[in-house]
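Below, each chain spelled out in residue letters.
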Amino acid sequence: MKRYIAFVALFFAPIAAHAQTGAAAPPAQVVVPPGDDDEGGLTGSVTDESAWQDLGIAIPSFATDANVATPANSEGTAALGRELARVITADLRNNGLFRPVGPDSLPRPTYTEIPAPAWGTWQARSAEMLVQGYVRAGTDGRLTVGCYLYDIALQSQLVREGWVVQPADWRRAAHKCADLIYSRLSGESPFFDSKIAYIAETGPKDKRVKRLAIMDSDGANHRFITNGQATALTPRYSPDYSKIVYLSYMNGNPRIYIYDIGSGRQTMVTQSSNPTFAPRWSPDGKWILYSMAVGGNTDIYRVPATGGESQRLTNTPGIDVGGSYSPDGTKIVFESDRSGSQQIYIMNADGSDQRRISFFGGRAATPEWSPRGDQIAFTHIAGDLRVAVMSPGGGGLRHLTNGWQDEAPPWSPNGRIIQFFRTERNSGNTSLWQVDLTGRNERRLPTPVGASDPAWGPVLP
Amino acid sequence: MRNTVTVLTVVSALALAGCASKPKELPPQPATVDGSGQVPPATGPIPGSNADFLAQMQGRNVIYFDTDKFDIDADDANALRTQAQWLQRYPNKRATIEGHADERGTREYNIALGERRANSAKNYLVSLGIDAGRLGTVSYGKERPVALGSNESAWAQNRRAVTITID
């Protein structure tokens, strides 16, 4: 699982020429997109996006210096250049900020035009931004991908970067480029070069097979991890992507296992004659939170991820379950029905100072602390199940979805997008969805079969 | 032989009636059977087997709960008394109680809720004199519905604790 992408300074032939152009027209002069005005973060950044919702971005095929064979594409690096642009286009299309136009309806720039765009060609089109790039195959087979973002009206470069990847990782170079553009234009942290663990569901409602599966953030590179003989539920990537913690009925009873992605080995987190479930990592990967039912009474515990003594964090009659750490690891938001119905509570990471924060009617479940710290996503149950957010103080309730049954909302690594799964009435069919913090941009994530319990891992190094 | 066929027909008819009925009519009330006095027909299920248990219970191997609740009401208590009588007759038999929830809740909470329901049934059986060591519990949350619709009647049938004896 060594997944590092070599970062390259763009010293290559076509770029060298360009570096001078860039120096002549420093990107600092470029108009800064409105997102940067909302310095204080979330509340501001979610309210005003319509102004640049229509920011047009042209993304023509990436050029290549010589069309050579590569394991990444059967037709060679030229065809791969088009695929790279398509992946970037798809990434940028689906978050409500941009209006990208992909390579299939655009002229194809030459290799020498990459650092020096043919401005006339692009000014005749409606796009404000231009993404150009190239792909070259090295003698060792590795691919070098360069990515450039230009402001067409100002005829200047905003940012550029390059990466060296193994042919099998070519999509990661495209995601890195999409991340670069997204970050530069929105002022937000990147998130496309990341992975999602989830539960793949097949079969009829009363005999549904539930398997652990993983895929890239855009649904590509899909892989089943368990074979479906035992029901698997609620996976979570470790912060370093080396492991997945999840629930399995593999020995007949619900227990938490850690699946090591490199070795394929599974270990039980804690030996117990009681059911354990709802596992979560601490942000530093050192602890695992879990819930355990003893005599029907469920409480939250934590245990070192490497094994050892468990420590009980809650101690009330009723169901205390789940939990999500604040980004700094000092607090935990969790769910409890100690008041008579499911509600959301916050405690210190050692279990002290437990207090309820949800007081808006209905039930509130599955809280997830935003990686940015200032919002908590959860499932609001009032008739239907809907995804909602609130502040850690319990104020500012906003519903982001309006389905019949939408639940379990984890965050994207940059805290801008919330993922959830939607269950269809009667059939019980499940699917993965994403919604941005405005609630306006909702989209279904492509999965080969039914899907639930999505969990987003961090952005890859 | 004829006797067995008749029993099976009655059981499946009751099962069908159960599926179609309203929550309030669940579980179907079979004619009172004094299990202790009955000797299964020679051709019937092996005495002490789970098949025998199911035949004797006639639906009372399952108890039902209200939304988000786990308390034992009068119907549940009657069913559990019948289960306890069978378990007392076969003191070497162990049983697992499966707890379930309907689909209208979040996944992890429903696992906890199913566990709480299975323990309610277990604790009641223990209060009737069944050794706790003979009774296991397992929760399937909302993952294993028996009624497949998305309506009150289906949900009422899925909020249940099912006793299964171990052969």
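Here, every reference points to the structure presented above.
Every chain's residues receive numbers from 1 upward, in the order its sequence appears when written. Each chain is given a letter, starting from A, and each ligand a number, starting from 1, according to the order in which they appear as written. A pLDDT threshold of at least 70 governs which residues receive local features in this predicted model, and a stricter bar of 80 or more applies before side-chain atom pairs are shown or counted, although totals over entire chains, interfaces and linings include all residues. Here the side-chain values reflect all heavy atoms present in the structure, with hydrogen atoms and water set aside.

Some details on the overall build of chain A
For step 1, the next point in the chain: Along its length, chain A carries five helices and 30 strands.
For step 2, the next point in the chain: Long-range contacts, defined as pairs at least 24 residues apart, comprise 47% of the intrachain contacts of chain A with a sequence gap of at least 6.
For step 3, the next point in the chain: Taken as a whole, chain A presents about 17,300 Å² of accessible surface, with 49% of it coming from carbon and sulfur. Only DSSP runs of H or I with at least four residues qualify as helices, and only runs of E with at least two residues qualify as strands; both kinds are numbered from the N terminus onward. Contact between two residues is taken to exist if any of their heavy atoms lie within 4.5 Å; hydrogens are not considered. Residue exposure ignores everything except the shown protein chains as possible cover, and the areas themselves are Shrake-Rupley values with a 1.4 Å probe.

A word on the sheet that holds strand β15 (residues 287–294) of chain A
For step 1, the next point in the chain: Strand order in the open sheet formed by four strands is β14-β15-β16-β17 (chain A), with antiparallel pairing between adjacent strands. For this open sheet the edge positions go to β14 (276–281) and β17 (311–312) of chain A, each flanked by a neighbour on one side alone.
For step 2, the next point in the chain: When DSSP finds at least two bridges between two strands, those strands are taken to pair. Two strands pair when backbone bridges link them, and β15(A) and strand β16 (residues 297–304) of chain A are joined in this way by eight bridges, in the antiparallel orientation. Each residue of the ladder has a partner; that of A:I288, found in β16(A), is A:V303.
For step 3, the next point in the chain: Orientation is described by lines fitted to C-alpha atoms, with helices fitted over the stretch in contact, and by angles between N-to-C directions that extend from 0 to 180 degrees. The sheet strands contacting helix α4 (residues 107–127) of chain B are β14, β15 and β16 of chain A, and the helix crosses β14(A) at an angle near 150°.

Some remarks on the sheet that holds strand β10 (residues 232–237) of chain A
Residue and element names in this part refer to chain A.
For step 1, the next point in the chain: The antiparallel open sheet is built from four strands, whose spatial order is β10-β11-β12-β13. Edge positions in the open sheet fall to β10 and β13 (266–268), since each of these has one partner strand only. Direction aside, neighbouring strands of the sheet carry axes that sit 25° apart on average.
For step 2, the next point in the chain: Bridging between β10 and strand β11 (residues 243–248) involves four bridges; their strand directions are antiparallel. If you follow R236 over to β11, its bridge partner there is V245.

A look at the interface of chain B and chain A
For step 1, the next point in the chain: Each partner contributes residues to the interface: chain B has 25 residues there, and chain A has 42 residues.
For step 2, the next point in the chain: Values labelled buried area give the accessible surface lost by two parts on being combined, using a 1.4 Å probe and summing over both. Taking both partners together, chain B and chain A bury about 2,800 Å²; carbon and sulfur atoms supply 50% of that area.
For step 3, the next point in the chain: For chain B, the biggest contributors to the area lost against chain A are B:R104, B:R107 and B:E108; these three give 27% of the whole.
For step 4, the next point in the chain: Salt bridges are counted wherever a side-chain nitrogen of Lys or Arg sits within 4 Å of a carboxyl oxygen of Asp or Glu. Counting across the interface, chain B meets chain A through nine salt bridges.

Examining the pattern of salt bridges
For step 1, the next point in the chain: In this structure the tally under the stated criterion is 28 salt bridges over all chains.
For step 2, the next point in the chain: For A:R416, the salt bridge goes to A:E188, with nearest N and O atoms at 3.7 Å. Remark: A:E188 occurs in the loop between α5 (170–186) and β7 (195–202) and A:R416 occurs in the loop between β26 (406–407) and β27 (417–423); sequence separation between them is 228 residues.
For step 3, the next point in the chain: We call a residue buried when its accessible area falls under 20% of the maximum for its residue type, exposed when it is over 50%, and partly exposed in between, using a 1.4 Å probe and counting protein chains only. Note on A:R416: relative accessible area 1%, which makes it buried.
For step 4, the next point in the chain: Taking relative accessible area as the criterion, A:E188 reaches 11% and is therefore assigned buried.
For step 5, the next point in the chain: For A:R422, the salt bridge goes to A:E442, with nearest N and O atoms at 3.1 Å. Of the two residues, A:R422 is situated in strand β27 and A:E442 in strand β29 (residues 442–444); the sequence distance between them amounts to 20 residues.
For step 6, the next point in the chain: Overall, A:R422 belongs to the buried group, its relative accessible area being 17%.
For step 7, the next point in the chain: Because the salt bridges share partners, they merge into one network encompassing A:E201, A:R208, A:K210, A:D453, B:R107 and B:E143.

Quick notes on the packing of aromatic side chains
For step 1, the next point in the chain: Each Phe, Tyr or Trp ring, with Trp reduced to its six-membered ring, pairs with another whose centre is within 6.5 Å; inter-plane angles below 30 degrees give stacked pairs, above 60 give edge-to-face pairs, and intermediate values give tilted ones. Under the counting rule described, the total for this entry stands at 16 aromatic pairs over all chains.
For step 2, the next point in the chain: Ring geometry for B:F53 against B:W86: centres 5.0 Å apart, planes inclined by 70°, an arrangement best described as edge-to-face. Here the residue B:F53 occupies a position in helix α2 (residues 50–57), and B:W86 occupies one in helix α3 (residues 74–89), the gap between them amounting to 33 residues. There is no split in this pair, since B:F53 and B:W86 are both buried.
For step 3, the next point in the chain: The interplanar angle of 45° and the centroid separation of 4.7 Å between the aromatic rings of B:W86 and B:Y90 together place this pair among those described as tilted. When sorted by exposure, B:W86 lands in the same class as B:Y90, which is buried.
For step 4, the next point in the chain: One aromatic cluster is present, built from ring pairs that chain together A:F98, A:Y182, A:F191, A:F192 and A:W456.
For step 5, the next point in the chain: In this scheme, the term charge over a ring applies when either NZ of a lysine or CZ of an arginine sits within 6 Å of the ring centre and within 35 degrees of the ring normal. Looking at A:R302, its charged tip hangs above the ring of A:W287, at a distance of 4.1 Å from the centre.
For step 6, the next point in the chain: Its guanidinium or amino end placed over the ring of A:Y345, A:R338 lies 4.8 Å from that ring's centre, counting from NZ or CZ.

Points about a negative patch on the surface
Residues and elements named next belong to chain B.
For step 1, the next point in the chain: Only residues above 30% relative accessible area that lack a salt bridge enter a patch, with like-charged residues linked at up to 9 Å and the nonpolar side chains Val, Leu, Ile, Met, Phe, Trp and Tyr linked at up to 5 Å. For this count, His and the chain ends are skipped, Lys and Arg are scored as positive, and Asp and Glu as negative. Taken as the charge centre is NZ of Lys, CZ of Arg, CG of Asp or CD of Glu, depending on the residue. On the surface, a cluster of negative charge is contributed by D66, D71, D73 and D75.
For step 2, the next point in the chain: Assignment of secondary structure puts D73 in the loop between β1 (62–64) and α3.
For step 3, the next point in the chain: Judged by its relative accessible area of 36%, D73 falls in the partly exposed class.

Overview of the pairing of strand β19 (residues 331–336) of chain A
All names here are of chain A.
For step 1, the next point in the chain: By the criterion of burial, β19 is predominantly enclosed, with five of the six residues buried.
For step 2, the next point in the chain: In terms of strand pairing, strand β18 (residues 320–325) meets β19 through four bridges, oriented antiparallel. Within the sheet, the bridge partner assigned to Y325 lies in β19 and is I332.
For step 3, the next point in the chain: Linkage of β18 to β19, two consecutive antiparallel strands, is achieved through a turn of five residues, within which G329 is found at a positive phi near 80°.
For step 4, the next point in the chain: Sheet topology note: the β19/strand β20 (residues 343–348) ladder contains six bridges and is antiparallel. From the neighbouring strand, K331 faces β20, where its bridge partner is N348.
For step 5, the next point in the chain: Here β19 hands over to β20 after six residues, with G340 in that stretch at a positive phi of 120°.

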